[in-house]
Amino acid sequence: MDCNEFLNTTTEIAYALLESGAEIYRVEESVLRIFAAYGAREGHIFAIPTLLILSLQDENGKNLTTIRRLGSHGSDLARVNAYNDLCRAICREKPSFSEIRRELARIGRLPCYTPLQQIAAGGVVAFGFALLFGGNLFDALCALVWGIAVKLVLFLMEKYHANGFFTTIVSSFVAAGLSVVGFRFGLGAHLDKIIIGVLMNLVPGVVLTNVMRDMIAGDLIAGLTKLAQALITATGIALGTGVAISLGRILLGVMG
């Protein structure tokens, strides 16, 4: 067995799992099971949301190590499930490395939600939460439109690879700003309900859930990393929203 190729292939599997939003324990357990299936000696893995380190020993007792850095990534549960099935098949059948890489490429080509679907979902999220928090139908319809606008801003910022913290500030500013201006001209009855509904597109709810999941699983470093990400996102939302509301009060006299 070519240990270098084996290590590189296993690293690709771990990277794909982590990039798709898999839990830290799932990534580590999957890699260790693959190491065991192929009889790797001294196989180890360290994973956090932004870093992967894998190591093993070759036939001559030489330690081999790979390190991969991850950027920002979201969650794709369909791909997590597909990669998880692949890991089980690898442990069961022990296919060649070329077959594994072909399957990884196939899963990587699976269709994702289109930008249009994600933009529509942003509007639906804003609509639903505006109603949930006590707004009326007119408030929810306003939130739907502003939610679509915020999603468009997010895609535009992503296109230019803007910093995540700056993106959050701008998006929350647009969300609150559009809500304030619309309210000033009679669009909506409850400004606070509209703003909250639109901002729910930016709230790091999944990240906070993952923080608790990682903490309970004992992955403290991963949990603290995600907690810091959630706090930074919340700070960006507060800054952008606060500036927009303050400007609305000063320039438009909106106090709703």
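These numbers come from a predicted model, not from an experiment. (Residues numbered from 1 in each chain as written. Predicted model: local features only at pLDDT ≥ 70, side-chain atom pairs only at ≥ 80, totals over all residues. Heavy atoms only, no water.)

(A) Main features of the side chain of D58. With respect to the helices and strands, D58 occurs in the loop between β2 (51–57) and β3 (63–69). Among buried charged residues, D58 stands out as having no salt bridge; its nearest opposite-charge side chain is R41, 5.1 Å away. At a separation of 3.0 Å, a polar atom in the side chain of D58 contacts the main-chain amide nitrogen of N60. (Helix = DSSP H or I, 4+ residues; strand = E, 2+ residues; numbered from the N terminus. Buried < 20%, exposed > 50% of the residue type's maximum accessible area, 1.4 Å probe, protein only. Lys, Arg positive; Asp, Glu negative; His and termini not counted. Salt bridge = Lys/Arg side-chain N within 4 Å of Asp/Glu carboxyl O. Polar contact = N/O pair within 3.5 Å; in protein donor to acceptor, adjacent residues only side chain to side chain.)

(B) Region of interest: the pattern of salt bridges. Going through the model one piece at a time under the given rule, you end up with 10 salt bridges. A salt bridge links R101 to E5; the nearest nitrogen and oxygen atoms lie 3.0 Å apart. With R101 in helix α4 (residues 97–108) and E5 in helix α1 (residues 3–19), this pair connects stretches of sequence that are 96 residues apart. For E5, a relative accessible area of 27% corresponds to the partly exposed category. Between E23 and R213 there is a salt bridge, with the nearest N and O atoms lying 3.7 Å from each other. In this pair, E23 sits in the loop between α1 and α2 (24–37) while R213 sits in helix α9 (residues 205–217), placing the two residues 190 residues apart along the sequence.

(C) Spatial organisation of the nonpolar core. Membership of the largest hydrophobic core comes to 35 residues, with the highest contact counts inside it found for I13, V27, Y38, L52 and L54. Broken down by element, this core gets its largest block of residues, nine residues, from α1. Formed by 19 residues, the second largest nonpolar core is a distinct cluster that contains A140, A176, I195 and I237. (Core = buried A, V, L, I, M, F, W, Y, C linked by side-chain atoms within 4.5 Å.)

(D) Spatial organisation of the state of the cysteines. Overall, the coordinates contain zero disulfides when judged by the stated rule. With no disulfide partner, C3 has as its closest neighbouring cysteine sulfur the one in C91, 17 Å distant. (Disulfide = S-S within 2.5 Å.)

(E) Representation of a nonpolar patch on the surface within the structure. The grouping of F173, V181, F185, V243, L247, I250, L251 and L252 at the surface amounts to a nonpolar patch, some 780 Å² of accessible area in total. Mapped onto the nonpolar patch, the elements with two or more residues apiece are α7 (164–184) and α10 (220–252). The element contributing the most residues to the nonpolar patch is α10, with five residues. Mapping V181 onto the fold places it in helix α7. (Patch = residues over 30% accessible without salt bridge, like charges linked within 9 Å, V, L, I, M, F, W, Y side chains within 5 Å. Areas by Shrake-Rupley, 256 points an atom, 1.4 Å probe, with all protein chains shown as cover.)

(F) The arrangement of the pairing of β2 in detail. Where strand β1 (residues 41–48) and β2 come together, six bridges link them in antiparallel fashion. Bridge pairing in β2 links A47 to L52. If you look at the hairpin formed by β1 and β2, you'll find two residues sitting between the two strands. Pairing of β2 with β3, which is carried by seven bridges, proceeds in the antiparallel orientation. By the bridge assignment for β3, S55 is matched with T65. (Pairing = 2+ DSSP bridges.)

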